[in-house]
Amino acid sequence: MYLIVFQFLFVLTFGMFILSKKHMSYFGLLIQLGLAGITGYWSVDVLIHGTIFERELLINFWGSPLEIKVDSLSAFFILVLNFTLLTGTMYSTGYLKPYINEKNHVEFGLHYFSLVWLHISMLLVCMLRDGLAFLVAWEVMSVFTFLLMIFESEKGETIRAGINFLLQMHVGLVLIMAGFIYAFVHTGAVFSFDGLTVYFARFHPFPLFLLFFAGFGIKAGFIPLHTWLPHAHPAAPSHISGVMSGVIIKMGIYGILRILTYIHTDLLAIGIFILVVSAISGLLGVMYAIVQHDLKKLLAYHSIENIGIIGIGIGIGLIGTAKGIPVLAALGFTGGILHILNHSLFKSLLFYSAGSVYMKTHTKNIEHLGGLIKRMPVTALLFLLGALAICGLPPFNGFISEFLIYFGLFKGLLTADFQTDITIMGTVICLTLIGGLTIFCFTKVFSIVFLGTARSRLSENVKEVSVGMIFPEILAGIVIVAIGIFPIFFVKAAGRVAGLYVEDIPWIIQNTPSLSGVSRASLVFMLLTALLWFLRRTQQKRVQIEHEPTWGCGYSGADPAVHQYTATSFADNYRELAPPLMKVDKHFESLKEEDIFPRPRSFKTETSDRLEKNLVEKPVRKVIYWMERVAIFQTGNLQHYIMYAFLFMGLIFLLTIFKLI
Amino acid sequence: MNGLGFLLSIVSSLLFPGIIAVTKAKMSGRKGPGIFQSLFDVARLFRKGSIYSATTSIIFQIAPVIYFASIVVALLFMPFGQYKGLLSFEADFVFFAYLLAVGKFMMIVGAMDTGSGFEGMGANREALYSLLVEPAFFILMGSLVLLTSHTSFYNLFVHIHFDSFFSYLIALLGIYLFIQIAMVENSRMPIDDPKTHLELTMIHEVMVLDNSGFDMCLIHLTTGLKFALYGGLIANFIFPETWTLYAKIVVFFTVNLLFAIVVGFLESCRARNKLAKNPKWILALSSISMVVFLSVLAITHKLFLE
Amino acid sequence: MVFSLILLFELTLIYLAFTERVKRFLTILMIQGLLLFGIAYLQLKHINILYLAFILSETIIVKGLLVPLFLNQMRKRNNLDRLAHSKVSTFVTVMAISAAIVFGFLLSSNIHDDHLQTKFLAASIAAIITGIYFVMIHRNIFTHLVGYLITENGVFLFSLAVGSEMPMLVNAAILLDIFVGVLVLGIFANRVGDRFKKMHVDDLAQLKD
Amino acid sequence: MPENEKYIEVGWNEFANYCDSLCKKRNVILRLMFATDERAIDNWFKVYAVFSEQGKDIFHIPFFKLRGANLKYKSITGCIPAAHWYEREIRDMFGLIPEGHPDPRRLVFHDSFPADSHPLRKDWKISENDLKEWGEGVVKKVPYDFMKVEGEGVYEIPVGPVHAGIIEPGHFRFSAVGETIYYLESRLFYTHKGIEKHFESMSFFDGIKLAERVSGTSTFSHSVAYCMAVERMAGINITEKVKAIRTLLLELERIYNHIGDIGNICAGTGLTVGNTMGAVIKERLMQLNERLTGSRYLRGVNMIGGVTKDIFLQADDISTTIDAVAKEYKKFMKLLLGTVSHVERLEDTGKLSKEVAILLGVTGITARASGINDDIRRAHPHLIYNNVFEFVHYTRQEGDAFARMMARAEEAKCSMVMIKAIIEGRYTGDLHVEAKEIPPYSHALGYTETPRGSVFYWVKSDRDGKPLRVKLRSPSYCNWPSVPFAVHGNIVPDFPLCNKSFNLSYSGCDM
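Described in the following lines is the structure provided in the data block. (Residues numbered from 1 in each chain as written. Chains lettered and ligands numbered in written order. Predicted model: local features only at pLDDT ≥ 70, side-chain atom pairs only at ≥ 80, totals over all residues. Heavy atoms only, no water.)

### Focus: the overall build of chain A
The helix and strand tally for chain A stands at 23 helices and five strands. Taking 26 Å as the expected radius of gyration for a compact globule of 661 residues, we find that chain A reaches 27 Å, a close match to that expectation. If you line up chain A on its principal axes, its C-alpha atoms span 95 × 70 × 65 Å. Put simply, of all contacts in chain A between residues at least 6 apart along the chain, 78% involve residues at least 24 apart. For chain A, the exposed area adds up to about 24,800 Å²; of that, 68% sits on carbon and sulfur atoms. The average position of the 47 basic charges and that of the 40 acidic charges among the side chains of chain A differ by 3 Å. (Helix = DSSP H or I, 4+ residues; strand = E, 2+ residues; numbered from the N terminus. Rg over C-alpha atoms; globule rule 2.2 N^0.38 Å. Contact = heavy atoms within 4.5 Å. Areas by Shrake-Rupley, 256 points an atom, 1.4 Å probe, with all protein chains shown as cover. Lys, Arg positive; Asp, Glu negative; His and termini not counted. Charge placed at Lys NZ, Arg CZ, Asp CG, Glu CD.)

### A closer look at helix 14 (residues 377-390) of chain A
All names here are of chain A. When the terminal C-alpha atoms of helix 14 are compared, their 20 Å separation across 14 residues agrees well with the 20 Å that a helix rising 1.5 Å per residue should span. Burial within helix 14 is extensive, with 11 of its 14 residues counted as buried. Regarding helix 14, the residues found buried are Thr379, Ala380, Leu382, Phe383, Leu384, Leu385, Gly386, Ala387, Leu388, Ala389 and Ile390. Directly after helix 14, the chain includes glycine 392, whose backbone phi takes a positive value near 70°. (Expected span 1.5 Å × (residues − 1). Buried < 20%, exposed > 50% of the residue type's maximum accessible area, 1.4 Å probe, protein only.)

### Quick word on the sheet that holds strand 14 (residues 454-461) of chain D
Within a sheet, neighbouring strands are paired by backbone hydrogen bonds and run either parallel or antiparallel to one another. All names here are of chain D. Taken in spatial order, the three strands line up as 13-14-15 in an open sheet, and their pairing is antiparallel. Because the sheet does not close on itself, it has two edges, and the strands there are strand 13 (443-449) and strand 15 (467-473). Ignoring strand direction, the axes of neighbouring strands in this sheet form an average angle of 10°. In the sheet, strand 13 pairs with strand 14 via seven bridges, with the strands oriented antiparallel. Counted as the bridge partner of threonine 448 is valine 455 from strand 14. (Pairing = 2+ DSSP bridges. Axes fitted to C-alpha atoms, helices over the stretch in contact; angles between N-to-C directions.)

### Observations concerning helix 1 (residues 2-12) of chain A
Note on helix geometry: an α-helix contains 3.6 residues per turn, so any two residues three or four positions apart are oriented the same way. All names here are of chain A. Those residues of helix 1 that fall on the buried side of the exposure criterion are Leu3, Phe6, Gln7, Leu9 and Phe10. Down the axis, helix 1 shows its buried residues gathered within 140° of arc, on one side only. Facing away from the buried side of helix 1 by over 90 degrees, the exposed positions are Ile4 and Val11. (Arc of directions from axis to C-beta.)

### Some words on the packing of helix 2 (residues 21-49) of chain A against helix 4 (residues 105-127) of chain A
Residues and elements named next belong to chain A. Across the interface, helix 2 lies against helix 4 with an axial gap of 9 Å and an inter-helix angle of 5°. Relative to helix 4, the element helix 2 lies roughly parallel. For the pair helix 2 and helix 4, contact is made by Lys21, Met24, Ser25, Gly28, Ile31, Gln32, Leu35, Ala36, Thr39 and Trp42 and by His105, Phe108, Gly109, Tyr112, Leu115, Val116, His119, Ile120, Leu123 and Met127, respectively. Looking at the contact of helix 2 with helix 4 residue by residue, the classes come out as 12 nonpolar, seven polar and one charged. (Parallel < 35°, antiparallel > 145°, perpendicular 65-115°, else oblique. Nonpolar A, V, L, I, M, F, W, Y, C, P; charged D, E, K, R; others polar.)

### Some points on the interface of chain A and chain B
Counting residues at the interface gives 79 residues for chain A, matched by 80 residues for chain B. Contact between chain A and chain B buries roughly 6,600 Å² in total, counting both sides, with carbon and sulfur atoms accounting for 77%. The interface formed by chain A and chain B includes three salt bridges. Where chain A touches chain B, the interface holds 28 residue pairs in polar contact (both at pLDDT 80 or more). Mapped onto the side of chain A that touches chain B, the elements with two or more residues apiece are helix 14, helix 15 (397-415), helix 16 (418-450), helix 19 (506-542), strand 3 (545-548), helix 20 (560-563) and helix 21 (567-575) of chain A. Here the element with the most residues in the side of chain A that touches chain B is helix 16 of chain A; it accounts for 19 residues. Its residues assigned to classes, the side of chain A that touches chain B shows 48 nonpolar, 22 polar and nine charged. (Buried area = accessible area lost by both parts, 1.4 Å probe. Salt bridge = Lys/Arg side-chain N within 4 Å of Asp/Glu carboxyl O. Polar contact = N/O pair within 3.5 Å; in protein donor to acceptor, adjacent residues only side chain to side chain.)

### As for the packing of aromatic side chains
Residue and element names in this part refer to chain A. Inspection of the entire model under this criterion finds 108 aromatic pairs over all chains. Between phenylalanine 6 and phenylalanine 10, the ring centres sit 5.1 Å apart and the planes meet at 65°, which makes this aromatic pair edge-to-face. Taken together, the residues span about one helical turn, with phenylalanine 6 and phenylalanine 10 both in helix 1 at a distance of four residues. Each member of the pair, phenylalanine 6 together with phenylalanine 10, is buried. (Phe/Tyr/Trp six-rings, centres within 6.5 Å; stacked < 30°, edge-to-face > 60°.)

### Quick look at the sheet that holds strand 1 (residues 5-9) of chain D
Residues and elements named next belong to chain D. Here we have four strands laid out as an open sheet, ordered 1-4-3-2, and mixed in their pairing. Across the chains shown, the open sheet's two edge strands, defined by having one partner strand only, are strand 1 and strand 2 (28-38). Pairs of neighbouring strands in the sheet enclose a mean axial angle of 20°, with direction left out of account. With six bridges connecting them, strand 3 (residues 44-53) and strand 4 (residues 59-66) associate as antiparallel partners. Counted as the bridge partner of serine 52 is phenylalanine 59 from strand 4. Docked against the sheet, helix 1 (residues 15-25) engages strand 1, strand 2, strand 3 and strand 4, running at close to 170° with respect to strand 4.

### Some words on the pattern of salt bridges
Residues and elements named next belong to chain D. For the structure shown, the criterion picks out 58 salt bridges over all chains. Put simply, lysine 72 and glutamate 99 hold a salt bridge, and the shortest N to O gap is 4.0 Å. Here the residue lysine 72 occupies a position in strand 5 (residues 72-74), and glutamate 99 occupies one in strand 6 (residues 97-99), the gap between them amounting to 27 residues. Here arginine 296 ties to glutamate 283 by a salt bridge, and the two come within 3.0 Å at their closest N and O atoms. Within this pair, whereas arginine 296 is found in the loop between helix 9 (272-293) and strand 11 (302-303), its partner glutamate 283 is found in helix 9, the two being separated by 13 residues in sequence. In this structure arginine 296 comes out as partly exposed when scored by relative accessible area, which is 27%. With a relative accessible area of 28%, glutamate 283 lands in the partly exposed category.

### Details of the packing of helix 13 (residues 326-361) of chain A against helix 15 of chain A
Geometry of a packed helix pair, given as the angle between the helix axes and the separation of the axes. Residue and element names in this part refer to chain A. At a closest axis distance of 8 Å, the pairing of helix 13 and helix 15 adopts a crossing angle of 165°. If you check the angle between helix 13 and helix 15, you find them roughly antiparallel. Helix-helix and strand crossings are classified by hand; for helix 13 and helix 15 the assignment is left-handed. For the pair helix 13 and helix 15, contact is made by Val327, Leu328, Leu331, Thr334, Gly335, Gly336, Leu338, His339, Asn342, Leu345 and Phe346 and by Asn397, Gly398, Ile400, Ser401, Glu402, Leu404, Ile405, Phe407, Gly408, Leu409, Lys411 and Gly412, respectively. (Left-handed = near helix turned anticlockwise from the far one by under 90°.)

### Side note on the interface of chain D and chain B
By a widely used convention, the size of an interface equals the accessible area lost when the partners come together. Every contact between the two is made by 33 residues of chain D and, on the other side, 27 residues of chain B. Between chain D and chain B, the buried area comes to about 2,200 Å², and carbon and sulfur atoms account for 63% of it. At the surface where chain D touches chain B, the tally comes to two salt bridges. A salt bridge links Lys277(B) to Glu344(D), with the shortest nitrogen-to-oxygen separation between them at 3.0 Å. Our enumeration of links across chain D and chain B arrives at 10 residue pairs in polar contact (both at pLDDT 80 or more).

### Let's talk about a nonpolar patch on the surface
Together, Phe8(A), Val11(A), Leu12(A) and Phe14(A) make up a nonpolar patch on the protein surface, roughly 390 Å² of accessible area in all. You can see Leu12(A) is positioned in helix 1. (Patch = residues over 30% accessible without salt bridge, like charges linked within 9 Å, V, L, I, M, F, W, Y side chains within 5 Å.)

### Quick look at the nonpolar core
With 467 residues, the main nonpolar core has Leu257(A), Leu260(A) and Phe105(B) as its most contacted residues. Among the elements that line this core, the one with the most residues is helix 13 of chain A, at 20 residues. Taken together, domain 1 (5-136) and domain 2 (195-506) of chain D each give at least three residues to this core, which thus spans both. Residues within four places of Leu257(A) in sequence aside, it is in contact with Leu73(A), Phe77(A), Ile314(A), Phe333(A), Ile337(A), Ile340(A) and Tyr501(A). (Core = buried A, V, L, I, M, F, W, Y, C linked by side-chain atoms within 4.5 Å. Domains from an automatic or database assignment.)

Dropping the structure here:
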């Protein structure tokens, strides 16, 4: 019954184009609610009972019935993506309002159509096991993401970022496909995920895993496969950025996790590999994030960082499994998997509120913002909530997943051998640095965007966004706080998923006293804060309160806008520490002897992503250079082409004679 | 009795700033204020009204409250000899470190809320240095975890033993690191100098330039509490387990007193670091704790070296 | 006990990483000399008393006193009190030297040989890497000298690692090495110092003619 | 007319060329530039520039006359950058406009001061309306444009006029990115007391009281320079004994200032012990001052034509105190140089290059720390500096805060030796000579080296022997413009330390 409704909803999406522009979002939301309801029901059932849900779809695919299969891994991802996509669509209702008049009916319809189909394709990605069907769903997902991204297609940059995204996704697809084909050719087993079992049982899994990792890693945005990410997020509309960062890149993680369920040997090498790549992604992601001025680009780099944290969890989980340290394995996996949920929550929240800021101020450059908390108080506080959560601070959800990973690391320290201990300590250092740098970054972002006074006209006369846009943010916020204070339920769900990889999940039950300790301490903390706030309120009633300008050393002619600390400055101190990683060009004329008298001077900094430059831009430029060289043959003259054809045939002939081919 | 560590820390926190001030005065040959002067100041601030910058928002007002609350809750983890802290669970030091970070986060954004260049500078420095010192703390705790095979503050300190020359060395290094981490976290001497009351040079003190009245009172109290926090940890670190409760109380206060005197002494006898040197200096703390970690590995025979 | 001293030796390397003053370098050399004296004494207690006396006097007199004091004289004469800046930031240096220490331990924990005392090996690797790194990043001849001497200390530790019955020959060679190195560079630096106030490697190029 | 002052009248349009050629031909330093309103005498404004020749005890003083409605002349700042403040001040005070001056903004007056009001003109009056507006608060009549550094991420830090420490008012505008200062502009002259104008209303004999109060830390130097100017103008020859006493007290003043300054630098680096040690030694010296003269700041000793007290009566006290101080001082310096963190803090902080220092004509410690061997005591020997002993000149090349501290330290040491030497000597003569009437329409320079650098007085009497113009130039006036150059490229938190190493007076440059 549910299955039929589920598939009926697919068809229903085409009704989108009949509706008027205003109603499209509600219609989309309705369909998505239906989809989410059905799949959510299946998933919750799977997670609670630990069973596997299997059905055959009505559609015949390649002559055979299409089977969907929901195990706990799929179920977890389905729940996460349902939530994020629903909030995304809700948010879009308000966010796209200004575009209603700008965009025509087809464009608008296509957007919502794509949104729903993105949802469908992602659900299918999570549920399909057949190789070809999976690849199709995967491709559909990429294409619809692309369509959603280029909503503001009148901007050249958006199109460029979109095409960059699409191209890289195709490279990813090819790599994944190559992986499947390779396994298929070598084993002759079924062309599906389950077929991989045979390959991994027979051969060394590491090389093939690398192939899959590269393919899925492009989606996930592991460094150095991240180069599409910082361009795609700023280009996309904010609800899409939220969805993209919240769940689409997680599909890459899903792929990797799915592959990992079939691998039972070589785990140490794979674990170390994932750990190293993730640690690098985590550290570099946040380091690059700090120097960004584009709010959404900055958040995009933070997605890379959080993917790194997730990867660290998975990596140490694998190492734990390989080394026979169950606590490390269980907590690593649980932490990493829980972080998938956590990241989707706070990152979508952050993108939504960043979107609200962009919608009202029309700028993403944080150097032009400031003082928005007085004009958009709810958005500001929700952003703060998201910022605290992404920094992994208690009592919010980010802390819980990081705590689990830390706990696993410290527990694992006790039983591990020397090399593993060093690895664990290295991981701890990375995690603390990532945490610290994230705090550094988000204190910067939050205070530059929302605190102080306006730095430019753009942020002066701004109003709070509509309730429709705030509501999904509040939804995400509630879950963030809920996970932070009552983590046990969510940890158990994540633990169920981790159970696919580690057998001794009772370990997690054992560490729940610690989690209840965390929630107790969090509650004490919140209570104490509330108590102090109350005390402060009563004290403030008795005494005299005055409002004056900020202390400016008694200088009355000050202009608060130019005297505030800037984002560049905030990052500057830190930037001095990381010159090898960060290429920073400072353009400034130094004071010379002849400059005794004042004259206008200027200052400029430029930061570039060194990895992106060296890994993508330079090779591409090289290729283009050689292409141009080759292009001299392309004369446009028909005779020349005929001549080439003859030359080619002659070459073939000669080669055959000499038995070279 | 589990709250004993908490209570004693609160008591010593009240006297901390006074003792530091007295030590500094004595070192420089001045008479100086009385030990209780800082308490009088706090009491006076409590009664005073406040001036708020028109630029600020609720963040500015709630920041000191959260800052104070975070430190108080962190103190709840303080064990005392065989008595647990009021809050205690496995890996509670992770919570502890992140809780301090919450307070710091709020103080930083609170400072930025005033829209003042000075406070921006202070906030920036605070953010940078506290992020750099974090690894040192975690590596040190990791070493202790490895040394004692336990993961909560209480168990760590109860199960710690010093018997050989080598372990004394580790203990010394540990105490050194605790003191230095405390100095960084509190923005004290080699990193920052609260005495040079200049807007341009300070870290922590400049962040609270616009705070007044009740908020300032909380901030002053927190300074003492933060010192007591680390003082308490150091005291717990060196408690001989066989001693009686009263002897431990005496040791606790002696350690706190000595810690305060050391802080005062350091602040008198050395100049502040060049600002550019601070990150390196803080990073060196992490390296030292890495050496501690390696030696703990050797003690636990995980590192086989002939 | 020996291991504690080795640990202290590693700490001096970290100190070396973040200090920038020539005077402090000499203090570190002195401390390292004393530590090596302690290590050598504890390790070689059992060997021939004459040899022991020689080795100990070498460590304490040459490494611990003579060389640092001599260098101090040189420093004073050439007015080298200022910072010994290098192009590489100290931040990187601290990380590099910490990495060297960890690397030393990692490497030596993986080596299993009956004739090798790996605890010395760990410190010796760290010291040698540090010394070479130090020479690499600095352009001042004086700091080159310091890096060279630290490498020498690493070599000394290495010889301890190779066998507690340290052959006289190795010892003598080390001693000679130090003497020659210090004397040649010392005389050289003195002469150069008169002509060039700041002793940079670049200046050597000009000296050719 | 003192024989080392060579006045040359130049045409107003020739002046710039003349100064330029003077600079090129001879090795001269611009010491002072000022205008006088002599319309009451011969209906002219006159502008003087005082150059002192290096190696010879000669002042070249070219001047020109201006009158009428067109009060403009060609600026000499183009060829002699050191003149830039003088010319701006002359424009503010007299309304004589230097054409081609690169910085057209006002120097002395703040935004609320009315335009076209020139207080040092003899006929100046402030209107009732202006007075009322000043009382009411901020009125921006002529806004001051701070130089802007354009670019994203640059923020400006306004520091002052009210500072966190108990110091004088001054406004600094930093353009910074992160911690690095890319530009610093200072807006001083918050403490204009109208001293030069005030001198004109007193007799020359009373003026000494005012001169003593120009600067708190170099009270005695100012009074010596003032007395010297008046005595030279009136042709009074003071006795050897007076000269010796003045020299001795000048050096005493130098020691206590230098040691106090070094102590203050310690406060800047955060070295508490150093700070208090410096303060203790300074206090010892100031108590000696009080015992000798009845004033901790050496006030009330000088008079026109001599001194009021015979300090040599207490020679034993001086010598024992100086011995004790020398001992403590040695310990003090050992502590400072032994504290590596202190030295590291100072080294490479606030570097002022020799080239800039020469261009801006800096003086005193600042100049000597940047490698300029300039000391009025030797360049233009006065009192008994030339004949009693040789004193060592201490210059350093680095030009950073450490060099300035060391220059102070060495000078203080020299001064102690000097004082001992002066006490050894035997000097004849009365304590003071009877001061006669001041001759009308005469003028002269007075100068000496304060602890901060050279101070100059130029006095001119009117028909009745009363002051027509008293121009004074304190060392801070020369050195302030060099601070932004020293600070440039440094980090913001090092600024207070730079500032302390210069130790300039805000009030002392604002006459």
